[in-house]
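Read off the chains here:
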Protein chains: 2
Amino acid sequence: MIRIKDIAKACGVSVSTVSKALNRSHEISGDTTRKIVEKANKMGYIANSSARSLKTKRSQNLGLIFVDNSDSGLGHEYFSIILNGIKMEAERQGYDLTFISNKIGSSKNSYLNHARYRGCDGVIIVSADFQDPKIMALVNSDMPTVTIDYQFHNKTAIMSDNKKGLEEIVKHVYEMGHRRIAFIHGEDTDVTRQRLASFYKACEELDINVPIEYIRSAEYHIPKYSGIATRELLEMENRPTCIIYPDDYSYMGGLTEIEKHGFKIPEDISVVGYDGIYLSRILRPKLTTYVQDSVQIGLMAANKLIEMIMHPKTYLSEQITINGYLQKGQTVKRI
Amino acid sequence: MIRIKDIAKACGVSVSTVSKALNRSHEISGDTTRKIVEKANKMGYIANSSARSLKTKRSQNLGLIFVDNSDSGLGHEYFSIILNGIKMEAERQGYDLTFISNKIGSSKNSYLNHARYRGCDGVIIVSADFQDPKIMALVNSDMPTVTIDYQFHNKTAIMSDNKKGLEEIVKHVYEMGHRRIAFIHGEDTDVTRQRLASFYKACEELDINVPIEYIRSAEYHIPKYSGIATRELLEMENRPTCIIYPDDYSYMGGLTEIEKHGFKIPEDISVVGYDGIYLSRILRPKLTTYVQDSVQIGLMAANKLIEMIMHPKTYLSEQITINGYLQKGQTVKRI
DNA sequence: TTGTACGCGTTATCAC
DNA sequence: GTGATAACGCGTACAA
């Protein structure tokens, strides 16, 4: 390992001159800087981030919280694409990314402590139990944080546009002539509440009557549950002509059930997904779904967090909504 | 922020005593240790990893290389599940995970330098261009590394069992009565070569004749290319009765093409995928595919890397193969 | 424009 | 069993 001290010796200057030169300080003359930088490269000098951040109190490192009780969190395309977006933007701006768990070494601990331990400049909470006191403690600390798809009071959050999403879906389905529209929603979260409220509102405005039995509960990303809900809907006397699913994956569970009943999509029943994952585009019939711009969500999360880190005094928390768009596939029949 | 110095003052002991007590050194009496630890907790002490690793030369942090030219790397379930496995095992053993790119801050750099800069104890190369000199430099350095699905000479690698995979697929398809078997493979990589060799070998042993036109090239994870290959196969005079795809996603491209030709699966043509992603299980007909145990691949990669870090002298590089299994779906017809 | 000296928080060595 | 002290590598007042 080679240190600035070695370079200083090799160049016949002091360590501080080397430090300043490497950091392109204007205090150092162009000539000296050039000479030092060149020498440093030749000697294969690599800075030591530990020493640097010990001194500067900055790590250029962002924490990443990704808790998946479902044990396959990262496996969900929606999240992994968000992660990809975060990674791209963080790298672009010269930040690294470190996963933050709720333990340090082998001992249980809080997320906040872990982030502090690693000297994170800020933390992005991609997926977590937002009711967890340890998450709340983190968000309410002085550590800059950005949450995704969950809004803490007065904190910066990046949200997919659930309101617009359900609104557009309902409108489209309505225009296609449907009046008996069922909605299978995910477990009770902020996102779900937004979507549900927006669904009701859109229906109300269009004078669509929504029997309570048309609203079914399932869990995001678990096709089985949406399958069960689908069966219940199909077996109703006055069954819906269109079913809106919590997400594209869940639709697959519904699909199985629909086929079991001998129904065809969209001839016998229309369906709409949510997320617009890759799968939705290659399925046949192509799925009508609301495409969330997950890369953009990730980019924006990283971007805002870095802004917050750089301007801690002037930055005002924001709630940013990332627009998606309706992908009109072939799963909604005109009736 | 509270430092050991503060605790020392509060307890009326020296900093070194506190340090030792917190690290459970046996030099310190049980009583003193208890008192110090308690006080530290009460004061909300959190260690500083920068200071610690500056001194100890250990970071308890693993680097993660994940390069995706395709711009959706993390979005591929195979990789994101591997990542999940790595994360689980690293956390279990008290290691953190940091993404390593080929730049430090805003300046271009090598992976090795980046890993050194962050003081990584080791690096897992999940996905990368293994011909990239920067990757090779990393692997050939003194930095402990583990690669996934690529074998550098005399280095530790975790491989999915491509040999057994293709072998089992061919055997199964053969047993179902197929003799005209086509294989669409991915771009030229280690994995592809292994699979191709194994495919040929299995066919040879079963006396299956493989016309050169039955071997088609596509790219992993890009349905479009597999779609094109599929069309070419379907339009042959003597078309195959079964097509093996590079991966489950690619099969979706083939599916579209097959339906365009008015063929049904498996009545008119049989198909086999590879990977066993979630999708393969919920598709109807359920896809016959070779399931890779990607969580296990991730777990093992982290596990071996940590072993290597802890026993640098005695650890011998290994090539570990993680077994998968054949998922018999409904896409291969008995003929 | 350059150099000196110190401190960031921690651990390791050695003396007591 | 405990304490004093010197590093680890870097950045930055402040001095020159």
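Bear in mind that the values here come from a model prediction, so they are computed numbers and not experimental data.

This part covers the interface of chain B and chain A. Of the residues lining the interface, 54 residues belong to chain B; the matching set on chain A comes to 54 residues. When the buried area of chain B at its contact with chain A is split by residue, B:F99, B:Y117 and B:R118 rank highest and sum to 14% of it. The tally of links from chain B across to chain A stands at 2 salt bridges. Taking the shortest distance from any N to any O, the salt bridge between B:D96 and A:R118 comes out at 2.6 Å. If you look at where chain B meets chain A, you find 23 residue pairs in polar contact (both at pLDDT 80 or more).

The next subject is the domain arrangement of chain A. Domain annotation of chain A identifies domain 1 (4-47), domain 2 (61-160 + 294-323) and domain 3 (162-292). The centre of domain 1 of chain A, based on its C-alpha atoms, is set 63 Å off from the matching centre of domain 3 of chain A.

A word on empty space enclosed by the protein. Summed over the entire model, instances satisfying the criterion amount to 4 cavities of 30 Å³ or more. Of the voids in this model, the largest cavity is the one considered here, and its volume is about 40 Å³. Residue lining of the largest cavity: A:F99, A:S101, A:H114, B:K87, B:A90, B:E91, B:Y95, B:D96 and B:L97, and that is the complete set. Mapped onto the lining of the largest cavity, the elements with two or more residues apiece are helix 5 (77-92) and strand 2 (96-99) of chain B. The element contributing the most residues to the lining of the largest cavity is helix 5 of chain B, with 3 residues. In terms of residue class, the lining of the largest cavity is built from 4 nonpolar, 2 polar and 3 charged.

Moving on, we come to the UniProt feature "domain: HTH lacI-type" (unreviewed entry) in chain A. In the numbering used here, UniProt assigns the "domain: HTH lacI-type" (unreviewed entry) feature to residues 2-56 of chain A. The distance separating the terminal C-alpha atoms of residues 2-56 of chain A is 20 Å; by composition the span is 69% helix and 0% strand.

Further remarks concern the sheet that holds strand 9 (residues 215-217) of chain B. Residues and elements named next belong to chain B. With mixed pairing, 6 strands are arranged side by side in an open sheet as 9-8-10-11-12-14. In this open sheet, the two edge strands, each paired with only one partner strand, are strand 9 and strand 14 (325-327). Strand-to-strand twist in this sheet, taken as the mean axis angle between neighbours without regard to direction, amounts to 25°. Relative to strand 12 (residues 289-291), strand 11 (residues 270-275) runs parallel, the two being bridged by 3 bridges. Residue pairing for strand 12: G273 is matched across the bridge by T289. Here helix 9 (residues 190-205) sits on the sheet and contacts strand 8 (181-185), strand 9, strand 10 (242-244) and strand 11; the angle it forms with strand 8, its principal contact strand, is near 170°. In the packing of helix 11 (residues 248-260) onto the sheet, contacts are made with strand 11 and strand 12, and the angle to strand 11 comes to roughly 155°.

Bringing the nonpolar core into the picture now. A general trend in soluble globular proteins is that nonpolar side chains are found buried together. Counting residues in hydrophobic clusters, the biggest one holds 90 residues, and the most contacted among them are A:F199, A:Y251, B:F199, B:Y251 and B:M252. If we skip the residues at most four places from it in the chain, B:F199 touches B:L166, B:V170, B:I181, B:F183, B:V210, B:I215 and B:I244. Of all hydrophobic cores here, the second largest spans 58 residues; its members include A:F66, A:Y78, B:A302 and B:L305.

Turning next to the protein's contact with DNA strand D. In the neighbourhood of DNA strand D, 28 residues make up the surrounding shell, with A:Y45, A:R52, B:T17, B:K20 and B:T32 lying closest. Each atom of DNA strand D within 4 Å of the protein belongs either to a base or to sugar and phosphate, the latter forming 62%. Residue A:K55 places a side-chain N or O atom 3.2 Å away from a base nitrogen belonging to DNA strand D. Contributing elements (two or more residues each) for the surface near DNA strand D: helix 2 (15-22) and helix 4 (49-56) of chain A together with helix 2 (15-22) and helix 4 (49-56) of chain B. Counting residues per element, the surface near DNA strand D draws most heavily on helix 4 of chain A, at 4 residues. A breakdown of the residues in the surface near DNA strand D according to their chemical character gives 8 nonpolar, 12 polar and 8 charged.

All names here are of chain A. Relative orientation of the contacting elements helix 1 (residues 4-11) and helix 2 amounts to 105°, with a least axis distance of 8 Å. Classified by the angle their axes make, helix 1 and helix 2 are roughly perpendicular. Here I4, K5, I7 and A8 of helix 1 come into contact with helix 2, specifically with V15, V18, S19 and L22. Looking at side-chain class alone, the contact of helix 1 with helix 2 contains 6 nonpolar, 1 polar and 1 charged residues.

Neighbouring DNA strand C are 28 residues, the closest being A:T17, A:K20, A:T32, A:K55 and B:Y45. Considering the 4 Å shell around the protein, atoms of DNA strand C inside it are sugar or phosphate in 62% of instances. Within the side chain of B:N23, a nitrogen or oxygen atom sits 3.4 Å from a phosphate oxygen of DNA strand C. B:N48 is positioned such that a nitrogen or oxygen atom in its backbone is 3.4 Å from a phosphate oxygen of DNA strand C. Among the elements of the structure, helix 2 and helix 4 of chain A together with helix 2 and helix 4 of chain B are those that each provide at least two residues to the surface near DNA strand C. Residue composition of the surface near DNA strand C, grouped by class: 9 nonpolar, 11 polar and 8 charged.

About the cut-offs
- Residues numbered from 1 in each chain as written.
- Chains lettered and ligands numbered in written order.
- Predicted model: local features only at pLDDT ≥ 70, side-chain atom pairs only at ≥ 80, totals over all residues.
- Heavy atoms only, no water.
- Contact = heavy atoms within 4.5 Å.
- Buried area = accessible area lost by both parts, 1.4 Å probe.
- Salt bridge = Lys/Arg side-chain N within 4 Å of Asp/Glu carboxyl O.
- Polar contact = N/O pair within 3.5 Å; in protein donor to acceptor, adjacent residues only side chain to side chain.
- Domains from an automatic or database assignment.
- 1 Å grid on protein atoms, 1.4 Å probe; cavity = no way out; pocket = protein on both sides within 12 Å on 5 of 7 lines; lining within 4 Å.
- Points joined across faces, edges and corners; volume = space filled by probe spheres on them.
- Helix = DSSP H or I, 4+ residues; strand = E, 2+ residues; numbered from the N terminus.
- Nonpolar A, V, L, I, M, F, W, Y, C, P; charged D, E, K, R; others polar.
- UniProt positions renumbered as here; feature names shortened; annotations may be inferred.
- Pairing = 2+ DSSP bridges.
- Axes fitted to C-alpha atoms, helices over the stretch in contact; angles between N-to-C directions.
- Core = buried A, V, L, I, M, F, W, Y, C linked by side-chain atoms within 4.5 Å.
- Buried < 20%, exposed > 50% of the residue type's maximum accessible area, 1.4 Å probe, protein only.
- Near = heavy atom within 4 Å.
- Parallel < 35°, antiparallel > 145°, perpendicular 65-115°, else oblique.

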